[in-house]
Amino acid sequence: MNTDIPKHYDPSREDEIYTRWLEKGYFRASVNPDKKPYTIMIPPPNVTDKLHVGHAFNNTIQDALIRAKRMQGYEALWVPGTDHAAIATEVQVVKALAKEGISKKDLGREAFLARVWEWNDLYGGTIIGQQKKLGISCDWERERFTMDENLSDAVLETFERLYNEGKIYRGERLVNWCVTCQTTISDSEIEHEDGEGTLYHFKYPFTDGSGYITFATTRPETMLGDTAIAVHPEDERYANHLGKSVNVPLFGDKNPREIPLVKDTYVDPEYGTGAVKVTPAHDPNDFEIGERHNLPRVNIMNDDGTINENGGKYEGLPREEARVKIIKDMEALGLFIKEEKITHAKGTHDRCHKIVEPLIKLQWFVRMDELAKPALEVYNTNKVRFHRERYGRIYKHWLEIVRDWCISRQIWWGHRIPAYYCPSGHVTVSKTAPEQCAACGSASLTQDEDTLDTWFSSGIWPFSTLGWPQKTPELDYFYPTNTMVTAKEIIFNWVVRMVFMGLKFMDEIPFTDVLIHGTVLDANGKKMSKSLGNGIDPLEVVEKYGADVLRLAFLNGTAIENDTRFHWERVEFCRNFMNKLWNAARFVLMHTQDTPREVSPNNAEPEVTLLTSAPPATPAPSTRIIPVEDRWILSRVNHLTREVTEKFDSHDLGMATQKIVDFLWDEFCDWYVEIVKVRLRDEEEKPHALATLVRVFTTCLKLLHPVTPFITEDLFLALQTDEETIMRAPWPLYDPALPDPAAEKAMETLKEAVRGIRNIRAEKQVPPAQKITIRIQPNDKDAEDLFTQAKAFLALLCNASEVTLTPHNQPPAANENAVSLVVPSATLHLPLASLIDADKEKARLQKERKRLTQELERIDAKLSNEGYLSKAPANLIAAEREKRESYAAMLNKVENELKGTVN
RNA sequence: GGGAGCAUAGCUCAGUUGGGAGAGCGCAUGCCUUACAAGCAUGAUGCCGUUGGUUCAAGUCCAUCUGUUCCCACCA
């Protein structure tokens, strides 16, 4: 007996179940020519990350997909792994060192990297253990790390090949330079803070003596590097001056610097004077204007922040002093107009909080034009599909405006650029350190100090993880992969790069489908962040409620492509549902465990064991009449199977989940289980009822398994012994022989009757314990059969002591003091003598008459509309006509009842 | 500035090719009905942001406006 099954669902068994899965090797996938592969590459989290809600959401989606595919008979591979997260990790280690008073420079490259590896061993990889708590079914034996030997080799190979093809080049580029720390810093290390600044207004004289042009700047010292003045092409104020040049008057009369007036749409004519000084070497926007107009780049600053030889008489001055002096000099020349205080965004280094200087340095680039074309092509030809489609537009847009990709980073943690320089300045690129310079044979080579952008290695993740550049069987079998599941903010950082890298090196797309999901926000719709302290720790949720509940909370009813708020109420609902499921199983087990599993041999009803394997078979011919509720629930679960499968296929996990949850709670628990209780008390009927019960329930467990893997496994194992895991049990299949519209319609009528009676009971305040009697007057023979069959459970569901039927061909019984309820195929009478108030009863019927009349009016309006009749689909019109008939019949009955009450 | 969303019940959100507005929570009322009070039953609540357009038919498609969010790039 089942007294030992606890009343409440307890998720603490999850770890035990997971361990068993690992031991049994259920997550493993291997090259298997007999099966079709289905592959997902995990977006590798940063190796030092802790699992946050975003990971949990992302991983849950992938696991649901992979589990469904595995059950559907695919060789389902999910490759896990981590990313070395170049900058993020380096920053953390540098910070840790700073606490010890050590700087990166003090330590030197080799020792520093040793520390990073140490750090990695210590803090890295905890996320893997945390992911396992989610129950995700990655093939852990294939876990990869972007700094693994093989993957590093793949990175260098990629670099070398692109370089040899001329797709990688060196070029000048502005980088963020910290004068204090003497280092370049990445964008993510810059803090933008609004601060007070001064906007200085100056004028430069036209060289032809025709006046002045006025402009403003917050950084007067960069005037030393000005190589143009720009105005908007359509700015009429400067129409007469186009083609002229101006003089930068800071270099004395001996070395006047003449710079052109250029027109560029970057300039906002509404802002200020509409004229902008252009300093390509010290400002990112100016850099681009310079590119467009082939302007020289005059670098005026040394690495220590002092003015260099290009600064004329200002050479050697620190930038701040140069600024002051330049302002004075301009004033002396009568070219200073005014200064004003403004607030503006300042970029400062997040560690020393000093202003960051944009400086020109030599960097490595990937030439994008040729690489981008095929990536656009596969999008335009629908070979790579985005879900939702709108996200594809982001991808497309980015590729259309793509610029060359700067891949060098001035940090140490990462894949060091395999470029070697000889004293004469020749460059040798080779994945293995060359003995000598390829150009001059010099043996004294130094390797480039920079490392590669993290995205360079993650761009080849879909194939480097499968062994590339080696031609492995895995690569052959699992590539291209199927679904890439990731967040929208890295569509261009990552998705785009995987596509063109895949096309370049594998000659094939890396994946066919890109599933973009939204962000999990806090309950107020804010992004979760450390500084706000509004983050939800997914592990805390797992600890308290179990992974199943967390996963269900992520998926149930959510449109995963949208941002979604995290609500504890939602978590509680999911916990409640787990409990519901648990108790439904308890109910089933309670009856299976004291019943022999064998059903009588001549019985046509499918055996309990059937449920776990093949799709439900069509019942063989039998003299036994299958009860309407069984026909109904089988038809419904069959329908559910199709819907859920379709939703999974279209990546609509939220709807798939909700359909299962709703079915289980509403149709299965609230109706079928209640109905079937009657037959479970009948020795003869019990095995049949139980068979259907188990069959439907098991089907649901399978459908739900991808979302809540633990509880479904637990219950599945309790319900059957034929299979050792639900994970590899076959996915339920839609059976075209099962739909039973007649049974569904009949059950709707019965449900309507039950609800109507319950409603009357509540309205009339019949005490819950008080039994009532129901007299049913069916409209026809079919209805008579239906209600005869349903008598017993109607009595149970309505708490009636007696349900009687008037044969359909007999005239209605004499009017009695009863409440009447009209449903499509019958009229039900509830003699409630003591509780009936004739006036109220009349009012109730009148209300019903009004409702039916309105419905009829609505339908009639439609059916008398020429346009509707000629253009609406025939099946819709037929359905309306059918409805009309039904409503008309019901209205007729109600009228009769009213006549009865009136007298 | 470029790009992409969102606006539906008190709250949080579903609503897949256009065809009679849904769920959960909350609320009201009554129930410990032997699977489940983490439950059951019954009930109330919506000019589907504005204004136009297409259509026999619009929450759904198009345009407009208003409010709002995110991503990228930035303010000389």
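Just above, that's the structure.
Below you will find a few notes about this structure. Sequence positions are assigned chain by chain, starting from 1 and proceeding in written order. Labels follow written order: the first chain is A, the first ligand is 1, and so on. A pLDDT threshold of at least 70 governs which residues receive local features in this predicted model, and a stricter bar of 80 or more applies before side-chain atom pairs are shown or counted, although totals over entire chains, interfaces and linings include all residues. Side-chain metrics in this entry use all non-hydrogen atoms of the structure; hydrogen atoms and water are not considered.

**A look at helix H20 (residues 653–680)**
Note the threshold: Each helix corresponds to a stretch of at least 4 residues labelled H or I by DSSP, and each strand to a stretch of at least 2 residues labelled E; elements are numbered beginning at the N terminus. Expected span of a helix: the number of residues minus one, times 1.5 Å. For a residue, the bend is simply the angle between two axes, fitted respectively to the seven-residue segment ending there and the seven-residue segment starting there.
Between its terminal C-alpha atoms H20 stretches only 35 Å, short of the 40 Å expected from 28 residues at 1.5 Å a residue. For H20, the principal kink sits at Phe668 and spans about 40°.

**What to know about the packing of aromatic side chains**
So the rule is basically this: Stacked, tilted and edge-to-face are the three classes assigned to paired rings of Phe, Tyr and Trp, where Trp is represented by its six-membered ring and a pair needs centres within 6.5 Å; plane angles under 30 degrees give stacked, over 60 edge-to-face, the rest tilted. Type-normalised accessible area, obtained with a 1.4 Å probe on protein chains alone, sets the label of each residue: buried when under 20%, exposed when over 50%, and partly exposed for intermediate values.
This structure, assessed with the given rule, holds 37 aromatic pairs. Pairing Tyr18 with Phe710 gives two aromatic rings, centres 6.3 Å apart and planes at 55°, and the pair type is tilted. In this pair, Tyr18 sits in helix H1 (residues 14–24) while Phe710 sits in helix H22 (residues 709–719), placing the two residues 692 residues apart along the sequence. With relative accessibility at 5%, the residue Tyr18 sits in the buried group. Judged by its relative accessible area of 2%, Phe710 falls in the buried class. Between Tyr379 and Phe386, the aromatic rings sit 6.1 Å apart at their centres with planes inclined by 70°, giving edge-to-face as the arrangement. In this structure, Tyr379 and Phe386 share a single accessibility class: buried.

**Digging into the nonpolar core**
Across soluble globular proteins, nonpolar side chains show a tendency to be buried alongside one another. What counts is decided by this rule: To form a nonpolar core, buried Ala, Val, Leu, Ile, Met, Phe, Trp, Tyr and Cys residues must be joined to one another through side-chain atoms within 4.5 Å. Throughout, a contact is declared for two residues whenever any of their heavy atoms are within 4.5 Å.
Tyr395, Phe456 and Phe668 are the most contacted members of the largest nonpolar core, which totals 185 residues. Per-element accounting of this core gives the leading share, 14 residues, to H20. When near neighbours in sequence (up to four residues on either side) are disregarded, Phe668 contacts Ala584, Ile633, Phe663, Val673, Leu693, Val696 and Phe697. The next biggest cluster of nonpolar side chains, apart from the first, holds 29 residues, and it includes Ile213, Val246, Phe251 and Ile300.

**Digging into the protein's contact with RNA strand B**
Definition in use: When we say a residue is near a molecule or strand, we mean one of its heavy atoms is within 4 Å of it. Whenever two N or O atoms come within 3.5 Å, that pair is a polar contact, provided that in protein one can donate a hydrogen and the other can accept it, and provided that, for residues adjacent in sequence, both atoms are side-chain atoms. Charged means Asp, Glu, Lys or Arg here, nonpolar means Ala, Val, Leu, Ile, Met, Phe, Trp, Tyr, Cys or Pro, and polar covers whatever is left, Gly included.
Near RNA strand B, the surroundings consist of 58 residues, among which Val276, Arg393, Glu855, Arg858 and Lys871 are the closest. Here a base nitrogen of RNA strand B and a backbone polar atom of Cys669 are 3.3 Å apart. Within the contact set of RNA strand B, a base nitrogen lies 3.0 Å away from a side-chain nitrogen or oxygen of Lys883. Elements that contribute at least two residues to the surface near RNA strand B include exactly strand S8 (212–217), helix H11 (389–400), helix H18 (568–592), H20, helix H23 (741–763), helix H25 (838–863), helix H26 (866–871) and helix H27 (874–902). In terms of residue count, H18 provides more of the surface near RNA strand B than any other element does, ten residues in total. Partitioned by chemical class, the residues of the surface near RNA strand B number 22 nonpolar, 15 polar and 21 charged.

**Observations regarding the packing of helix H21 (residues 686–704) against H22**
Our working rule: For helices, the fitted axis covers only the stretch in contact; all axes are lines through C-alpha atoms, and the angles between them, taken along N-to-C directions, range from 0 to 180 degrees. Angle categories are assigned with fixed cut-offs, so that under 35 degrees is roughly parallel, over 145 is roughly antiparallel, 65 to 115 is roughly perpendicular, and the rest are oblique. Left-handed describes a crossing whose near helix is turned anticlockwise from the far helix through less than a right angle; right-handed describes the clockwise counterpart.
One way to put it is that H21 packs onto H22 with a least axis distance of 9 Å and a crossing angle of 150°. One element, H21, and the other, H22, form an angle in the roughly antiparallel class. Crossing of H21 against H22: the hand is left-handed. Seen from H21, the contacting residues are Phe697, Thr698, Leu701, Lys702 and Leu704; seen from H22, they are Thr712, Leu715, Phe716 and Leu719. Split into classes, the residues belonging to the contact of H21 with H22 amount to six nonpolar, two polar and one charged.

**With respect to the pairing of strand S2 (residues 75–79)**
Here is the rule: Any two strands between which DSSP finds at least two bridges are classified as paired. A clockwise course of the path from the first strand over the helix to the second, judged with the strands pointing away from the viewer, identifies a crossover as right-handed.
Counted residue by residue, S2 has five buried out of five residues, so it is predominantly covered. As paired elements, strand S1 (residues 37–41) and S2 share five bridges and run parallel to each other. Looking at the pairing, Met41 lines up with Val79 of S2. Once the chain exits S1 it traverses helix H2 (residues 53–71) before rejoining the sheet at S2, and the crossover so formed is right-handed.

**Here's the deal with the sheet that holds strand S23 (residues 511–517)**
The parallel open sheet is built from three strands, whose spatial order is S15-S23-S22. Of all the strands in the sheet, the pair left with one neighbour each is strand S15 (385–387) and strand S22 (481–487). Direction aside, the axes of adjacent strands within the sheet are offset by 20° on average. Examined bridge by bridge, S15 and S23 share three bridges and lie parallel to one another. Following the sheet pairing, Phe386 is matched in S23 by Val514.

**A look at the sheet that holds strand S10 (residues 245–248)**
Within a beta sheet, neighbouring strands are joined by backbone hydrogen bonds and run either parallel or antiparallel to one another. Here we have four strands laid out as an open sheet, ordered S10-S11-S9-S12, and mixed in their pairing. Because the sheet does not close on itself, it has two edges, and the strands there are S10 and strand S12 (275–278). If you compare each strand with its neighbour and ignore which way they point, the axes differ by 30° on average. With three bridges connecting them, strand S9 (residues 228–231) and strand S11 (residues 257–263) associate as parallel partners. What sits directly across from Ile229, in S11, is Leu261.

**Digging into the pattern of salt bridges**
Opposite charge on two side chains makes pairing possible when the charged atoms of those side chains draw close. Note the following rule: For salt bridges, the criterion is a side-chain nitrogen of Lys or Arg within 4 Å of an Asp or Glu carboxyl oxygen.
Counted by the stated rule, this structure contains 59 salt bridges. Measuring nitrogen to oxygen at the nearest pair gives 3.1 Å for the salt bridge that ties Lys133 to Asp15. Of this pair, Lys133 sits in helix H6 (residues 126–133) while Asp15 sits in helix H1, and the two are 118 residues apart along the sequence. For Asp15, a relative accessible area of 43% translates into the label partly exposed. Glu841 is paired through a salt bridge with Lys764; the nearest N and O atoms lie 3.6 Å apart. In this pair, Glu841 is assigned in helix H25 and Lys764 in the loop between H23 and strand S26 (772–778), connecting sequence segments 77 residues apart. Shared partners join several salt bridges into a network, and the residues in it are Arg219, Asp283, Arg319, Glu320 and Glu357.

Read these as geometric descriptors, not functional statements.
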